[in-house]
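# Overview (structure and organization)
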Amino acid sequence: MKATRDESWDIWEEENSKGIDFAKVLQKIKAYWPLSLLGALIMTGLALLYLYKANPVYNVKAAVLIQDSEKKGSGKGNMLNSLQDLGLLNGASNVNNEQMVITSYPLIEEVVTDLQLYLQFFTHEKIRKQPVYKDDLPFKATITNFDLSRLSKKQKDDLNYTLTWDNSGYNITSENQTWKGNWGTPLLMPFGHLILQPNDLTKHSESEKSFYFTVQPIGAAANNYANALTTEIPNKQTSIINLQLRTTLPRQGTDMLNALISAYQASTVDDNNQLNDSTLTFINERLSVVGKELDSIEIKIQGFKQQNRLTDLPMQSQALIDNMGKQDQELNAQLVQLSMVNSMMDYLVANRSNPRVIPASLVVNNPSIAAAIDNYNRLLTQKERLQLSATNDNPVIQNIDEQLGGLQKSIFSGLESIKLSLSTGISKMKQQNASLTGVMREVPAIERTFGDFTRQQNIKRELYLFLLQKREESLIAKSSTLSNSRVIAPARADYTPVSPKRDLILFGALILGLLAPFGIDKIIHLFNNKIRTRADLEAKTSLPVIGEIGHKNESELIVVSHQSRSLVAEQLRVLRANIQFLFTQKEQKVIMVTSTVSGEGKTFISSNLATVFALTNKKVVLMELDLRKPKVMKGLDISATKGFTQYVIGKCEIEDIIIPSGINENLFVIPAGAIPPNPSELILHERTEALFTYLRTNFDFIVIDTTPNIVSDAQLLGKYADATLFLVRLDYTLKEHIDMIQNLTKDEKLPRVNLVVNDIKPKRYGGSYYGYGYGYGYGYGYGDYLPVEQKKSFLKRLAHKTK
């Protein structure tokens, strides 16, 4: 018993599905290697050109340790800090705040201005633009009175200049103007005064060598450096900030980072000195007022003595005066304290809406008030630093504002309490002094008046000396203020550049060049809506491919004969062998050739397939049943007056329409006849069935050349066929047409559909059927689609199943 066609096909599919066919992969690589080699050479050359033209980029690194101040506060502030310590509330730590401050735009702009980084020199070396910095320049360049505000936007974008020099001076040229300058003399330029001074390199440098320089707005230069600068905190347990700057000039980057750190430290010192500056301002104002009052009292005493010619007071009043002096001393101390409290209360009232630092050192010795003022000043300083990197809507700043308001009320309330206490004490002392004054009534009025003047003088003198002492203390505190940061790693550039990565770029260019042809082919494939490769076909359908026919260069319709050994002729012989393998029963002999649309080679395949069967001494008839656009007779260059149409309508018999082909004695042709208006109805005629019955009896093979499946003729003829060859032409058949073939097969509208791939063009890079040549060679059947070992296994299993 013979194996059925379905069983053999299942065996073929099982063998063909095993593993990856490395032969295909190697053949595809072989087909693409010239283009891949060319692409690799081109991409490597472009990479070398880029590496030569690109300036190396270095990383300049530095590290700063932030000495985080102790968290202090009261009320809500302490509660907030406690929640943050417990991890229940997120808040910006001091290190995070300083990280934002050190990279803030004002600091970077200050550094750019101080180092004049908006002025950039460079040279041209062939196609390479090489930046130059300071020590590498044969002169020293300085800009004074830098100002771009008077220039238009177009002028700001065109500040590019060329510099040449000789022993007498130098020349600067732009696109529209030339300036001549002398060494060491300011030269007026559109951006300010430029001063060039020769250095040790000037004499040894080539005078004909040109230098180029550009001038940027300070803001633009600052933005460039801000974008190149990155900072990071290694982890949450440290208070170290790592700074990194990417630059093509390592020394310039080192100078920039060091200057940035210095500017940051100076800004922190300035912030810490705000308290001392506020205290000094307050003390100086009070010294001016108290000094004038002291001068006024002393002038009155001098006038009083001169008027009354006094040199010394009577000795009899000495005891009384001593007693009153003790009382006055205590009263004076109380009055000094009251004066300071009044001044502090006036200061708080005046700055209630605009909080300012409170000079804590002037307050009376009251621990609770002093602690509240210290907390107030610390929170105010913290708020001012946070405002450098946050807005007033920030929750942390709003929390600080609430704490400041509470502390302000607490301080003012405490001062009022102290004032009340002092006022009460002063009243009591005045009552005591009043009693002593009664005793002094016996003392001459002059002595009493002189004592009043003396008391006022002592009060003002003690207050004046107290203010002088506090001013000196504030000056000492200011001079000893240090930054809250310490440089633990000064700026240092890496020895090796971080960009461009030479090895990586060359390797990437090589790989890209090698893969470029495959990538281009893939892109073309993605945007192509036609069948171009076997993979395209296999992705759209599971139908078997029974034959593959190459591109035909001949103009004749028939390309196969006994003597023909062309590749197309051999492929037609392979197709014949596969069809014979497909027909496992003797009565299976009718082959219908169709396609989806016209132009896919249906007539060529059917005519040559009939011919190649006739070469095996089989009696073959070729039926021209494309009744709408018949081409077989014209291609064979034969004519006939009768055909299928005349037979169906009864104007002739079967023997009248079977004519020799003139190509081979075993090949006969049934012409289409006259083109009818109703082809489908003719095919459904009962005489059509009689015709096929006759042909099955008298011929070994029957090949039907029918219409494309855009009309129903082929489906109507399907009931007479034993197998259907559906043509797919590369670069012609649309992918969506394969879906139609799949549906026709699924709905069983055509018998035993097999695909024939037509018009495979050899050696067409990226577009051939397999990606290389024609395929697998000559004379293969189903098993010839497989590698050799799989083919042997397939034949062995097929023989066993047949047995």
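Quick caveat, the model's predicted, so the values are computed rather than measured.

The helix and strand tally for the chain stands at 26 helices and 21 strands. Counting across all 803 residues of the chain, residues that qualify as buried make up 44%. Considering only residue pairs separated by 6 or more positions, the chain has 78% of its internal contacts joining residues 24 or more positions apart. Roughly 42,000 Å² of accessible area belongs to the chain as shown, and the carbon and sulfur atoms make up 53% of that amount.

Turning next to the sheet that holds strand β21 (residues 753-760). On the basis of which strands lie adjacent, the open sheet formed by eight strands has the order β14-β21-β20-β15-β19-β16-β18-β17 and mixed pairing. Only two strands of the sheet have a single partner each, and these edge strands are β14 (545-550) and β17 (659-660). For β14 and β21, the ladder comprises four bridges, and the chain directions are parallel. What sits directly across from Glu548, in β21, is Val757. Its contacts with the sheet put helix α23 (residues 686-698) on β15 (590-594), β16 (620-624), β18 (667-670) and β19 (701-705), and the angle it makes with β16 is roughly 160°.

Closest axis-to-axis distance for the helix α17 (residues 567-582)/helix α18 (residues 602-614) pair is 10 Å, and the angle between their directions is 75°. Here α18 runs roughly perpendicular to α17, going by the angle between their axes. Along its contact with α17, which presents Val568, Leu572, Arg573, Leu575, Arg576, Ile579 and Gln580, the element α18 presents Phe604, Ile605, Asn608, Leu609, Val612 and Phe613. By residue class, the composition of the contact of α17 with α18 is nine nonpolar, two polar and two charged.

This brings us to the environment of Gly513. Within the secondary structure, Gly513 is located in helix α15 (residues 502-527). For Gly513, a relative accessible area of 0% translates into the label buried. Discounting chain neighbours no more than four positions away, the residues touching Gly513 are Ser36, Gly39, Ala40 and Met43.

At a minimum axis separation of 9 Å, helix α5 (residues 105-115) and helix α8 (residues 218-228) run at an interaxial angle of 115°. Of the possible angle classes, the one that applies to α5 and α8 is roughly perpendicular. Between α5 and α8 lies a crossing whose hand is right-handed. Listed contacts from α8 to Tyr105, Ile108, Glu109, Val112 and Thr113 of α5 are Ile218, Gly219, Ala221, Ala222, Asn223, Tyr225 and Ala226. Considered class by class, the residues forming the contact of α5 with α8 number eight nonpolar, three polar and one charged.

Sheet architecture is open: four strands sit in the order β11-β12-β1-β13, paired in antiparallel fashion. Each edge of the open sheet carries a strand with a single partner, namely β11 (229-232) and β13 (485-493). Adjacent strand axes in the sheet meet at a mean angle of 15°, parallel and antiparallel pairs treated alike. Taken together, the eight bridges between strand β1 (residues 58-66) and strand β12 (residues 240-247) define a ladder with antiparallel strand orientation. Bridged to Val60 within β12 is Leu245.

What follows covers the packing of aromatic side chains. Scanning the entire structure with this criterion turns up 15 aromatic pairs. An angle of 40° between the planes, with centres 5.2 Å apart, marks the rings of Phe121 and Phe213 as tilted. Of this pair, Phe121 sits in strand β2 (residues 119-125) while Phe213 sits in strand β10 (residues 211-215), and the two are 92 residues apart along the sequence. On the basis of relative accessibility, which here comes to 5%, the residue Phe121 falls in the buried class. Judged by its relative accessible area of 1%, Phe213 falls in the buried class. Taken together, Phe121, Phe139, Tyr161, Trp165, Trp179, Phe191, Phe211 and Phe213 form an aromatic cluster joined through their ring pairs. Taking NZ or CZ as reference, Arg729 lies 5.0 Å from the ring centre of Tyr732, over its face.

Let us look at a nonpolar patch on the surface. A surface patch of nonpolar side chains, about 610 Å² in accessible area, is lined by Leu35, Leu38, Ile42, Leu46, Leu49, Tyr52 and Ile127. Within the secondary structure, Leu49 is located in helix α2 (residues 22-53).

Attention now moves to α5. For α5, the set of buried residues is Leu107, Ile108, Val111 and Val112. The arc that holds the buried residues of α5, viewed along the axis, is 135°, so those residues lie on one side. Facing away from the buried surface of α5 by more than 90 degrees, the exposed residues are Pro106 and Asp114.

Time to look at the confidence of the model for the chain. The pLDDT averaged across the chain works out to 79; a share of 83% of its residues lies at or above 70. Contacts from residues 764-791, a stretch scored under 50 in pLDDT, to residues over four places away or in other chains number 92 contacts. In this model residues 797-803 is a low-confidence stretch, pLDDT under 50, and it forms 14 contacts with partners more than four residues away in sequence or in other chains.

With that settled, the discussion passes to the pairing of β19. A large share of β19 lies buried, amounting to five of its five residues. Side chains of β19 alternate between two faces, with Phe701, Val703 and Asp705 and Ile702 and Ile704 buried alike. Of the strand pairs in this sheet, β16 and β19 are connected by five bridges, and their pairing is parallel. Bridge assignment links Val620 to a residue of β19, and that residue is Phe701.

This part is about the pattern of salt bridges. A complete count under the given rule lists 13 salt bridges for this structure. The shortest N-O distance in the salt bridge between Glu473 and Lys470 comes to 3.4 Å. Of this pair, Glu473 and Lys470 both sit in helix α14 (residues 445-479), three residues apart, which is roughly one turn of the helix. Judged by relative accessible area, Glu473 falls into the partly exposed class, the value being 34%. In this structure, Asp722 engages Arg696 in a salt bridge whose closest nitrogen and oxygen atoms are separated by 3.1 Å. Here the residue Asp722 occupies a position in the loop between α24 (713-717) and β20 (723-729), and Arg696 occupies one in helix α23, the gap between them amounting to 26 residues.

What counts, and where the lines are drawn
- Residues numbered from 1 in each chain as written.
- Predicted model: local features only at pLDDT ≥ 70, side-chain atom pairs only at ≥ 80, totals over all residues.
- Heavy atoms only, no water.
- Helix = DSSP H or I, 4+ residues; strand = E, 2+ residues; numbered from the N terminus.
- Buried < 20%, exposed > 50% of the residue type's maximum accessible area, 1.4 Å probe, protein only.
- Contact = heavy atoms within 4.5 Å.
- Areas by Shrake-Rupley, 256 points an atom, 1.4 Å probe, with all protein chains shown as cover.
- Pairing = 2+ DSSP bridges.
- Axes fitted to C-alpha atoms, helices over the stretch in contact; angles between N-to-C directions.
- Parallel < 35°, antiparallel > 145°, perpendicular 65-115°, else oblique.
- Nonpolar A, V, L, I, M, F, W, Y, C, P; charged D, E, K, R; others polar.
- Left-handed = near helix turned anticlockwise from the far one by under 90°.
- Phe/Tyr/Trp six-rings, centres within 6.5 Å; stacked < 30°, edge-to-face > 60°.
- Lys NZ or Arg CZ within 6 Å of the ring centre and 35° of its normal.
- Patch = residues over 30% accessible without salt bridge, like charges linked within 9 Å, V, L, I, M, F, W, Y side chains within 5 Å.
- Salt bridge = Lys/Arg side-chain N within 4 Å of Asp/Glu carboxyl O.
- Arc of directions from axis to C-beta.
- pLDDT = per-residue confidence, 0-100.

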